[in-house]
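Working through the structure, step by step
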Amino acid sequence: RKEVEQDPGPFNVPEGATVAFNCTYSNSASQSFFWYRQDCRKEPKLLMSVYSSGNEDGRFTAQLNRASQYISLLIRDSKLSDSATYLCVVAANTGKLIFGQGTTLQVKP
Amino acid sequence: DAEITQSPRHKITETGRQVTLACHQTWNHNNMFWYRQDLGHGLRLIHYSYGVQDTNKGEVSDGYSVSRSNTEDLPLTLESAASSQTSVYFCASSGVINNEQFFGPGTRLTVL
């Protein structure tokens, strides 16, 4: 079983749609949680950290359920520029990150 | 502004040659990491370092080595390049407050 699992998609949605990505992780000792965004052939960039209380940044909302070892990312009012691969990432307190394979989002006009 | 750079950005080499990929960061981060990214595998950790003179093996370290002689640099060496090492290589760094990693732009390596 992979340490971090994501549905690879692709998710094809129209502009303005709401889309949700899910991720599960296997290590209950994981300390930190992130969503990274990766555009084609470029480096991953931090989209947002994920906290137990849930957090929101504009159109993006992230949730963490430690009991179920489950992380989610909700994107509202999708834009063409949201098209990318979204990486679910977990970390132990060692500083090492474990990346999911990523979920591809394609927003269509 | 602080940044993390990698060089070269593209490299073509032949099987059996030694290759070194450079990574330089000006964040003054203690932690540095090397990953490779291949279709179907996502990002996989090759080697990492928590400070000067510290190096550790990641999940795919065979055929690779690193050295950390200062805070800013963590070069990655392929001792004898193999076609299976054709990949995109990313370097990253992080501080000690949280685990957020900042990535370099990547090096696309082709081994013929």
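Residues numbered from 1 in each chain as written. Chains lettered and ligands numbered in written order. Predicted model: local features only at pLDDT ≥ 70, side-chain atom pairs only at ≥ 80, totals over all residues. Heavy atoms only, no water.

1. A word on the interface of chain B and chain A
The interface is formed by 18 residues belonging to chain B together with 18 residues belonging to chain A. Carbon and sulfur atoms make up 53% of the area that chain B and chain A hide from each other, which totals about 1500 Å². Summed over the shared surface of chain B and chain A, the number is 0 salt bridges. Applying the counting rule to chain B against chain A returns 2 residue pairs in polar contact (both at pLDDT 80 or more). A per-element tally of the side of chain B that touches chain A places strand β5 (residues 42-51) of chain B first, with 5 residues. (Contact = heavy atoms within 4.5 Å. Buried area = accessible area lost by both parts, 1.4 Å probe. Salt bridge = Lys/Arg side-chain N within 4 Å of Asp/Glu carboxyl O. Polar contact = N/O pair within 3.5 Å; in protein donor to acceptor, adjacent residues only side chain to side chain. Helix = DSSP H or I, 4+ residues; strand = E, 2+ residues; numbered from the N terminus.)

2. Some details on the packing of aromatic side chains
Geometrically, a pair of aromatic rings is defined through the distance of the ring centres and the angle of the planes. Summed over the entire model, instances satisfying the criterion amount to 15 aromatic pairs over all chains. Taking 4.4 Å as the distance between ring centres and 25° as the angle between the ring planes, the aromatic pair formed by W27(B) and F102(B) counts as stacked. Here F102(B) lies in strand β10 (residues 102-103) and W27(B) lies in the loop between β3 (19-25) and β4 (31-38), a separation of 75 residues in the sequence. Geometrically, the ring pair formed by F90(B) and F103(B) is edge-to-face, given 6.4 Å between the ring centres and 80° between the ring planes. Remark: F103(B) occurs in strand β10 and F90(B) occurs in strand β9 (residues 87-94); sequence separation between them is 13 residues. Residue classification places F90(B) among the buried residues on the basis of a relative accessible area of 2%. One aromatic cluster is present, formed by F34(A), Y36(A), F99(A), F33(B), Y35(B), Y48(B), Y50(B), F90(B) and F103(B) through successive ring pairs. (Phe/Tyr/Trp six-rings, centres within 6.5 Å; stacked < 30°, edge-to-face > 60°. Buried < 20%, exposed > 50% of the residue type's maximum accessible area, 1.4 Å probe, protein only.)

3. Considerations on the side chain of H29(B)
All names here are of chain B. By the element assignment, H29 lies in the loop between β3 and β4. A distance of 3.4 Å separates a polar side-chain atom of H29 from the backbone nitrogen of S94. Sequence-distant contacts of H29, that is, excluding residues within four places in its chain, are made with R68, T71, S93, S94, G95 and F102.

4. Notes on the state of the cysteines
Within the structure shown, the criterion is met by 2 disulfides over all chains. Between the sulfur atoms of C23(A) and its disulfide partner C88(A) the distance amounts to 2.0 Å. Between C23(A) and C88(A) the disulfide shows an S-S torsion of about -75°. By sign, it is left-handed. Highlighted residues: C23(A) in strand β3 (residues 19-25) and C88(A) in strand β9 (residues 84-91), separated in sequence by 65 residues. Judged by its relative accessible area of 1%, C23(A) falls in the buried class. There is a disulfide in this structure between C23(B) and C91(B), and the S-S distance comes to 1.8 Å. The sign of the -70° torsion about the S-S bond sets the C23(B)-C91(B) disulfide as left-handed. You can see C23(B) sitting in strand β3 and its partner C91(B) sitting in strand β9, a full 68 residues away along the chain. Under the relative-accessibility criterion, C23(B) is labelled buried at 2%. (Disulfide = S-S within 2.5 Å.)

5. Re the sheet that holds strand β1 (residues 4-7) of chain B
Whether parallel or antiparallel, the strands of a sheet pair through hydrogen bonds between backbone atoms. All names here are of chain B. Pairing in this open sheet of 4 strands is antiparallel, and the strands run β1-β3-β8-β7 from one edge to the other. Edge strands, defined here as strands with exactly one partner in the open sheet, are β1 and β7 (64-66). Across the sheet, the mean angle from the axis of one strand to that of its neighbour is 20°, orientation sign disregarded. Across 3 bridges, β7 lies against strand β8 (residues 76-78) in antiparallel orientation. Bridge pairing in β8 links Y64 to L78. (Pairing = 2+ DSSP bridges. Axes fitted to C-alpha atoms, helices over the stretch in contact; angles between N-to-C directions.)

6. What about the side chain of S49(B)?
Residues and elements named next belong to chain B. Checked against the element boundaries, S49 lands in strand β5. What makes S49 buried here is its relative accessible area of 0%. Separated by 2.7 Å, the side chains of S49 and R68 make a polar contact. Those residues in contact with S49 that sit more than four places away from it in its chain are N30, N31, M32, D54, T55, N56, R68 and L74.

7. Things to note about the pattern of salt bridges
All names here are of chain B. Tallied over the entire structure, the rule returns 7 salt bridges over all chains. The salt bridge involving R17 is made with E14; its shortest N-O contact spans 3.4 Å. With a relative accessible area of 47%, E14 lands in the partly exposed category. One network of salt bridges, in which partners are shared, links R36, D38 and R44.

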